[in-house]
Structures are given as C-alpha cells and as structure tokens.
Amino acid sequence: MKVCLTIDMEEFNDSVIWKDVEKKIDIVEAWKKIKKFLEGFDIPATFFVLGTFAEKYPDIVKSIRDRGYEVGSHFQSHQNLYLLGDDEVRKGVRMSKKVLGKVKGFRAPMYSMHKGIAKILKDENFVYDSSVFPSIFYPHPSIRNVEKKLRIGSERIGAPYKIDGLLEIPLTVFPSYIGLPITGTTIRLYGGLISSLLKFYRKEVFVVNVHPFEFVGAPHVKGTPWWFSINSGQPFVDRLRSIIRNLKRMDTNFETMASVAGCGS
Ligand SMILES: [Zn+2]
C-alpha cells in the first residue's frame, strides 16, 4: 500500500473557516516541528501550499523544496471554490502556479472540488487532484449548496480514478463504511482508534491530510465548534507519530502524491 502524508500549508485564519479571526499561530515554529517530524521518520511528503502563504513565506516554500518534498497548489487564497465562477477559479489557479512555480497537483480549499474545476485543472496542465473523500463529512457544511450533478462522487475508495482526464487521488476514509477521513481533526479526536485499526485497511493508497496549526497548538476561537483546536500541539504530534509508526510496520511504501500519480519522485 502506498502512503501519502499531505500538509495543507496555510495560516491559522485560513483554516478557521467559520469566521475571520485575528488569532495567529507561529508558522515558522510550525514548519520547524513539521520538518523535525518528517526527518524523524525519513519519509517524503506533499505540501499543498496556498499562493498567499507562498507570497508571505517564500523561505519556507524554498526550504520545503530544498528538502525534496513535493509542492502542490492549494489555490491562491482560501476560498470556497463552489462560490466562484469558472473565470475566477482559472485566475486563482494560474496565480497560484505563478507564485509556486512548477506544480503538478492540487487540493481545493475546503475540499470544494467539482467537475468544472477538474476540467480547468486539466487545461492548466495539472496531473492530479486530491480533494475528494467519500464520507458523511464531505462536502463540508459550508459547501453543500453545490449542485449535486457537479459533485465528484465517491465511486472509489482508496484508489485513484480519472475525472475527465484528471487523476483524482481521493483522501482516505476509514473504516470505509463509516467514512472517517484521515485528517488532522479525526487524528486529534480518534487518533488512538485509527492507529489500532490500521492493520485492517487494505487499499491501494492511504492519504493523510494535516495542517500546520495542529503541530503547534491552536488557540480556541469563540464561535467555532469545540473540536476545532482540541488536542492540537503535542497530543496531535503523538497521535500522528503512532499512526505513521503503525503504517511503517505494515507492507507500505511512503511516497509523494506526484509519485503515486506517476509524474514525479
Ligand atoms: Zn486549506
């Protein structure tokens, strides 16, 4: 089984999508912790970087690349793509490419992917997308207004598939019948359970998705759900470490998403 660790590089107030917040986290410190974590395991990783993040922290993006990790696009700004017209999506995709340089993969902010966006990505020479997960958690409540026919389905779990020529590498849901995505939130809430059930997961690809704020401890933001920042910081790092350790004990190969998509190492 191939395992991809993916990190969506964005500011804390990009992650807190319920409202605008002033509270910040120390991104440089978060990057140091992520780096230390990856180096401790000597595993590859894919970073989906927001264009605005790359503009503000070019040294971090350079450092990511210098270490041989993959950089993909997380769009130019953390917007719900379902609320944008095709021209705006195309513009944001192009801007992010201009800022980030060579990228092959994409993850939509808030996982707001649909067929029209897949076509734009294909036109803009992206090879793969990783925004879809077949789960009751998808689409996110804020994006459920999208027309059903545009949604990209959950036909396959744990294996890449094509959407009009673009390769979709869906986020892992686990166990399949519950549809728990392996994101920072579920790792913070159910890390121990996920870790102990991993041995039963037998699919082609296992995609983990985490965020910088989870590595350093996020402040609670009034108005957001109780679970939003709970167990961030060291408890999260410990849970993620246990998951990676257990995956490494299995018959797995850690790869970048570009490697899974056959377009990079
Ligand atoms: Zn994001």
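Heads up: the structure comes first, above all this text.
Everything quoted here is computed from the prediction, not taken from an experiment. (Residues numbered from 1 in each chain as written. Predicted model: local features only at pLDDT ≥ 70, side-chain atom pairs only at ≥ 80, totals over all residues. Heavy atoms only, no water.)

Caption draft 1: Up close: the coordination of the zinc ion. Around the zinc ion, the protein contributes the donor atoms E10 (OE), H74 (NE2) and H78 (NE2), at 2.0 to 2.1 Å from the metal centre. Read N to C, the donor residues that coordinate the zinc ion are spaced as E-x63-H-x3-H. Within this pair, whereas E10 is found in the loop between β1 (2-9) and α1 (12-15), its partner H78 is found in the loop between β3 (70-73) and α5 (86-100), the two being separated by 68 residues in sequence. For E10, a relative accessible area of 2% translates into the label buried. (Donors = N, O, S within 2.8 Å, 3.2 Å for Na, K, Ca; no water. Helix = DSSP H or I, 4+ residues; strand = E, 2+ residues; numbered from the N terminus. Buried < 20%, exposed > 50% of the residue type's maximum accessible area, 1.4 Å probe, protein only.)

Caption draft 2: Region of the structure containing the nonpolar core. Counting 68 residues, the largest nonpolar core has M9, F47, V49, F106, V210 and L240 as its most contacted members. Leave out the neighbours within four places in its chain, and V210 touches L5, T6, I7, D8, G184, I187, F215, F236 and L240. Formed by 14 residues, the second largest nonpolar core is a distinct cluster that contains L171, V205, V207 and A261. (Core = buried A, V, L, I, M, F, W, Y, C linked by side-chain atoms within 4.5 Å. Contact = heavy atoms within 4.5 Å.)

Caption draft 3: Spotlight on α5. Its 15 residues place the ends of α5 21 Å apart at the C-alpha level, agreeing with the 21 Å of an ideal helix rising 1.5 Å per residue. Of the positions making up α5, those classed as buried are V89, G92, V93, S96 and L100. All buried residues of α5 lie within an arc of 100° about the axis, which places them on one face of the element. In α5, those exposed residues whose orientation departs by more than 90 degrees from the buried face are D87, K91 and K98. (Expected span 1.5 Å × (residues − 1). Arc of directions from axis to C-beta.)

Caption draft 4: Just the packing of aromatic side chains, in detail. Under the defined criterion, the tally for this structure stands at 14 aromatic pairs. Where F37 meets F215, the ring centres are 6.0 Å apart and the plane angle is 75°; that geometry is what we call edge-to-face. Here F37, found in helix α2 (residues 27-41), pairs with F215, found in helix α8 (residues 212-216); they are 178 residues apart in sequence, far enough to count as distant. The two residues F37 and F215 agree in class, both being buried. (Phe/Tyr/Trp six-rings, centres within 6.5 Å; stacked < 30°, edge-to-face > 60°.)

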